[in-house]
Amino acid sequence: MTGKRVVVIGAGVVGAALADELTERGWTDVTVVDAGPIPHTGGSSTHAPGLVFQANGSRMMSQLATYTVDKLVGLETDEGPCFLQVGGLEVATTADRLTELHRRAGWLAANGVTAEVLTADECVARHDLLDPAVVLGGLFTPTDGLAKAIRAVDAQTRRAAERGATLRPGAEVLDVLVEDGRVVGVETTRGRIDADVVVCCAGIWGQKVAGMVGLTLPLTPLEHQLVRTTPVPAMAGQDTEARRPILRHQGEDLYYRDDFDRQVVGSYAHRPMPVTYDEFDDWGREVMPSVRPYTPDDFEGPWKTSQALLPALAETEVESGINGIFSFTTDGAPLIGESPDVAGFWVAEAVWVTHSAGVGRAVAELLVDGVPTTDLHEAAIDRFEVHQTGPAYVLERDQQNFVEVYDVLHPLQPMESPRPLRLPPFHQRQRELDGYFLEANGWERPQWYAANTGLLEGYRAAGREVPEPGEWAARYWSPVAGAEAMATRERVAMYDMTALKRIEVVGRGATAFLQSLVTGNVATSVGSVTYCLMLDPRGRIRSDVTVARLSARPGQQRYQVGANGHLDLAYLQALAPADVFVHDITPGTCCIGLWGPQARDLVQSLSSDDFSNDGVKYFRAIEAHVGMVPVTAMRLSYVGELGWELYTTADLGQKLWDTLWTAGQEHGVLAGGRAAFSSLRLEKGYRLFGSDMTWDHTPYEAGVGFAVRLKKEDDFVGRAAVAAMDPDAVDKKLVCLTSTDPKAVVMGKEPVLSGGAAVGYVTSAAWGFTVERAIAYAWVPAALAAPGTEVEIGYFDQRLPYVVTEEPLFNPTMTRLRG
């Protein structure tokens, strides 16, 4: 098998890894082109310091790094090994940073990477240049180390060439050739190369290459300082390149590595210095194109800090320095995927050496098998909202990500700027209620409302306290959220659901199209709402959606799809046939979730339409009027209470809010924020895609097998795979864990331990104000999934006892929803 004809643009560590992975899978008609020589291409790989730390808050990024380590450890060239596994040491010089190292140790444990938190003396024993009076402790990961990027390029491109790949150094790509919306090849300075697939692994030149097919990449090349010291007397006679572990001082945005008898220092502790590709697109310079002139003034402060951390550096000077260029994205993740407009044009961009081999494997799997081993939804090229790809937004966010690259970031911490961007039509009303706003896909969304402080005081006066979580979980939180949650269960509340993605699917073929993609049967009566999954060919969950059938006219079948984000929109648009139109209606519409025992009394008082149980049953929708406002009312609830999602156009959104608010006063209506919503959701056990379940999971593992309708007549993506699964024979399961200790509330991504060993990880967590327990959903081995099983959650330096609990915790008979 030779596979498709593939041209890989860029022979850095990513392009080299991709060529190696493709040829290993039998796709040998691969041509790797680069404007520079191979393996010394002149891109970011050529000057990369090579430090590989596997600790990351993203499970995807950690897995990509671990595969890179595992692969490069086994590669070598005539010059030596491709990976020097000296270990990685992250040090703390403040109490806050030491606490953060415990959190990072938890990430590593959750992802199956061995690490340990060390005392100051143990840190010095590992790295003798450290000042024991400055360091409080450290995190040591023995499998971290130094990737020798040029050797890795050499080893992987040579191996690819031995399998049949062609290497073309000195071949600058002048154009990507497209016919009828599909790539057919590339034009280079060494002639044309025909291709079925072109993959852009051009690194800092990625924007230029992608622009050849009209694709805009939301990334920014930025300068990053790297210096080499004069010989360090304390390292005199060191004849191995690296003896000490690679070192990170994240509190000061610095890192270090041995270079025989010298130290190499990397710094993010300087102003962001963005560049455009036309500023470095010069192959005639003596210095490699990806290197800019060193700016010594920017290193003055970091140099003093380095001498304080490593006193031996006081006896040295900066021998040489560079401002190397590499790419940042708006959310810190790579860009991976196929162009939505030009078939066969793929990108693997904004990838650091740390994740290079992992990304190479993932792209090869996408091309050869259609699905990756690693869940890549965080890196998908089409994950961005439209406003997130604009030049001004990209530049500001990329520069801020450079500044924050080593910062301690809370899971709920929103970006500070640019804000506000997207406002629901009733935003002014929310401000009048003193809403505390976080950000969701650019939308300002209330986390709680300070106007409900009186509600909280009323509960306290009645002896109903809202317990306080620990310090970390109490950030971006207020006890008012507890009062909002309790009142929702007792009265009626209005929740802003505008930030959720709404997609309209219309056309003659809309029903057949959706039937081919979702696991549920949507060829039902007008007004039906169906909870469905979208699967990949392996039967794993691509997304979960609600599909409401709003019209069945022969030429105008119309559905509204409640989706998880832009990825779902792009997926539907890419697959839609000519007689189906897929539109994002989110910007022009809004949604209020009206939920609680008195929701029906409130909405019925405002409408002549029938909102009785017979008039609108659970998971049904009607077109109605609430006061003067036309709405699409869907009887759904993500909080486990009677109610409706009320949709209307943006121009009438504030009118809808005012109508409900005014009439709701006699029913005790309140506005509820996202913190209360999340607690109520977890009490009902409702899954959140992207957190509780991802591309890594099957329906039966995630506990959503009920959404798979194998008896429906129409075939759908993943049907054969899921039909072959035994629902009871799973290796892992998503389970509900509970604790009665309010201080045991965690945040997500912590390791789950059994017998002292990490066996899984937390996905979502909150305090359940109704059930009065800490709730944590988590993935564990099936053998530990039985209710009553005792486990622990690793939370910073604590081990918190939890127990597997039957779900849902609240109203398992569903009477409150169906009544």
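K.L.:
Quick question: what am I supposed to make of the overall build of the protein here?
P.N.:
Helix and strand counts for the protein come out as 22 helices and 42 strands. Relative to the globule expectation of 28 Å for 819 residues, the C-alpha radius of gyration of the protein, 28 Å, shows essentially globular dimensions. The principal-axis extent of the C-alpha atoms belonging to the protein is close to 85 × 65 × 50 Å. The buried share of the protein, reckoned over its 819 residues, is 60%. When contacts within the protein are restricted to residue pairs at least 6 apart in sequence, long-range pairs at least 24 apart make up 72% of them. For the protein, the accessible area works out to roughly 30,300 Å², and carbon and sulfur atoms hold 50% of it.

K.L.:
Even after reading the chapter, I still don't get the sheet that holds strand S18 (residues 254-259), so can you show me in this structure?
P.N.:
Pairing between the strands of a sheet is mediated by backbone hydrogen bonds and can be parallel or antiparallel. With respect to topology, 9 strands assemble into an open sheet ordered S8-S9-S7-S17-S18-S19-S16-S21-S20, the strand pairing being mixed. In the strand order of this sheet, the two ends are held by strand S8 (116-119) and strand S20 (291-292), each with one partner. Pairing of strand S16 (residues 219-229) with strand S21 (residues 318-329), which is carried by 11 bridges, proceeds in the antiparallel orientation. Counted as the bridge partner of Gln 225 is Asn 323 from S21. Sitting on the sheet, helix H4 (residues 95-110) touches strand S7 (88-92), S8, strand S9 (137-141) and strand S17 (246-249), and the angle it makes with S9 is about 20 degrees.

K.L.:
Even after reading the chapter, I still don't get the sheet that holds strand S12 (residues 173-179), so can you show me in this structure?
P.N.:
Strand order in the open sheet made by the 3 strands is S12-S13-S14, with antiparallel pairing throughout. With partners counted over all chains shown, the strands left at the sheet margins are S12 and strand S14 (191-194), one partner each. Here the strands of the sheet are splayed against their neighbours by 25 degrees on average, with no regard to which way each runs. As judged from the 4 bridges shared by strand S13 (residues 182-188) and S14, these two strands associate in the antiparallel manner. Bridge assignment links Val 186 to a residue of S14, and that residue is Ile 193.

K.L.:
Please explain the side chain of Asp 544 as it appears in this structure.
P.N.:
As for its placement among the helices and strands, Asp 544 is situated in strand S29 (residues 541-553). Salt bridges are absent for the buried Asp 544, whose nearest opposite-charge side chain, Arg 687, sits at 8.4 Å. At 2.8 Å, the side chain of Asp 544 and the side chain of Tyr 531 are in polar contact.

K.L.:
Would you mind going over the side chain of His 249 with me for this structure?
P.N.:
Positionally, His 249 belongs in strand S17. Filtering out sequence-adjacent residues up to four positions away, His 249 remains in contact with Val 91, Thr 93, Leu 254, Tyr 256, Thr 305 and Leu 309.

K.L.:
Would you take a moment to explain helix H19 (residues 674-684) for this structure?
P.N.:
Along an α-helix, residues three or four positions apart point the same way, because every turn accommodates 3.6 residues. For H19, the tally of buried residues reaches 10 of 11 residues, placing the bulk of the element in the interior. When we look at burial in H19, the residues that qualify are Arg 674, Ala 675, Ala 676, Phe 677, Ser 679, Leu 680, Arg 681, Leu 682, Glu 683 and Lys 684. Just downstream of H19 lies Gly 685, where phi reads positive at about 75 degrees.

K.L.:
In this structure, what is going on with the environment of Glu 806? I would like to understand it.
P.N.:
With respect to the secondary-structure elements, Glu 806 resides in the loop between strand S42 (798-805) and helix H22 (815-818). Taking the C-alpha atoms as reference points, Glu 806 and Leu 737, separated by 69 residues in sequence, lie 8.7 Å from one another.

K.L.:
Explain the packing of helix H14 (residues 480-490) against H19 to me, please; I cannot follow it from the model alone.
P.N.:
Helix packing for two helices is described by the angle between their axes and how far apart those axes are. Two elements in contact, H14 and H19, have axes whose closest approach is 8 Å; the angle formed by their N-to-C orientations is 55 degrees. Considering the angle they form, H14 stands oblique to H19. Seen along the crossing, H14 lies across H19 with a hand that is right-handed. Judged by residue contacts, Ala 481, Glu 484, Ala 485, Thr 488 and Arg 489 of H14 engage Ala 675, Ala 676, Leu 680 and Glu 683 from H19. Considering only residue class, the contact of H14 with H19 consists of 5 nonpolar, 1 polar and 3 charged.

K.L.:
How should I be thinking about the pattern of salt bridges in this particular structure?
P.N.:
The tally for this structure, following the rule as stated, stands at 45 salt bridges. Where Glu 319 meets Arg 262, a salt bridge forms, and the shortest distance between an N and an O atom there is 3.1 Å. One end of the pair, Glu 319, is in strand S21; the other, Arg 262, is in strand S19 (residues 262-267), with 57 residues separating them in the sequence. With relative accessibility at 37%, the residue Glu 319 sits in the partly exposed group. Residue Arg 262 is classed as buried on the basis of its relative accessible area, which comes to 15%.

K.L.:
Where do I start with the packing of aromatic side chains in this structure?
P.N.:
Note on aromatic pairs: each is described by the distance of the centres and the angle between the planes. Across all of its chains, the model carries 22 aromatic pairs by this definition. Ring geometry for Tyr 255 and Tyr 268: centres 6.2 Å apart, planes at 55 degrees, overall tilted. Of this pair, Tyr 255 sits in strand S18 while Tyr 268 sits in the loop between S19 and helix H8 (277-280), and the two are 13 residues apart along the sequence. According to the relative accessible area criterion, Tyr 268 is buried, its value standing at 6%. Centre to centre, the rings of Trp 595 and Phe 677 are 6.2 Å apart; their planes meet at 35 degrees, and the pair counts as tilted. Here Phe 677 lies in helix H19 and Trp 595 lies in strand S32 (residues 589-595), a separation of 82 residues in the sequence. Each member of the pair Trp 595 and Phe 677 is classed as buried. One aromatic cluster is present, formed by Tyr 255, Tyr 268, Phe 326, Phe 328, Trp 352, Phe 402 and Tyr 406 through successive ring pairs. Seen from the ring of Phe 140, Arg 126 lies directly overhead, with NZ or CZ sitting 4.0 Å from the centre. Lying across the ring of Trp 779, Lys 732 places its NZ or CZ 5.9 Å from the centre.

K.L.:
What is the right way to read H14 from this model?
P.N.:
Most of H14 sits inside the fold, with 10 of its 11 residues counted as buried. Of all the residues in H14, the buried ones are Val 480, Ala 481, Gly 482, Ala 483, Glu 484, Ala 485, Met 486, Ala 487, Thr 488 and Arg 489.

K.L.:
Before we go on, may I ask you to explain unusual backbone geometry in this structure?
P.N.:
Residue Pro 39 follows Ile 38 across a cis peptide bond; omega there is 15 degrees. Tracing the chain through its elements places Pro 39 in the loop between strand S2 (30-34) and helix H2 (44-47). The peptide bond linking Arg 419 to Pro 420 adopts the cis configuration, its omega dihedral lying at -5 degrees. Mapped onto the secondary structure, Pro 420 falls in the loop between helix H11 (391-403) and helix H12 (427-432). Even without being a glycine, Phe 260 presents a positive backbone phi close to 60 degrees. Within the secondary structure, Phe 260 is located in the loop between S18 and S19. A relative accessible area of 35% places Phe 260 in the partly exposed class. One non-glycine residue, Lys 749, lies in the positive phi region at around 85 degrees. A relative accessible area of 43% means that Lys 749 is categorised as partly exposed.

Definitions and limits used
Residues numbered from 1 in each chain as written. Predicted model: local features only at pLDDT ≥ 70, side-chain atom pairs only at ≥ 80, totals over all residues. Heavy atoms only, no water. Helix = DSSP H or I, 4+ residues; strand = E, 2+ residues; numbered from the N terminus. Rg over C-alpha atoms; globule rule 2.2 N^0.38 Å. Buried < 20%, exposed > 50% of the residue type's maximum accessible area, 1.4 Å probe, protein only. Contact = heavy atoms within 4.5 Å. Areas by Shrake-Rupley, 256 points an atom, 1.4 Å probe, with all protein chains shown as cover. Pairing = 2+ DSSP bridges. Axes fitted to C-alpha atoms, helices over the stretch in contact; angles between N-to-C directions. Lys, Arg positive; Asp, Glu negative; His and termini not counted. Salt bridge = Lys/Arg side-chain N within 4 Å of Asp/Glu carboxyl O. Polar contact = N/O pair within 3.5 Å; in protein donor to acceptor, adjacent residues only side chain to side chain. Parallel < 35°, antiparallel > 145°, perpendicular 65-115°, else oblique. Left-handed = near helix turned anticlockwise from the far one by under 90°. Nonpolar A, V, L, I, M, F, W, Y, C, P; charged D, E, K, R; others polar. Phe/Tyr/Trp six-rings, centres within 6.5 Å; stacked < 30°, edge-to-face > 60°. Lys NZ or Arg CZ within 6 Å of the ring centre and 35° of its normal.

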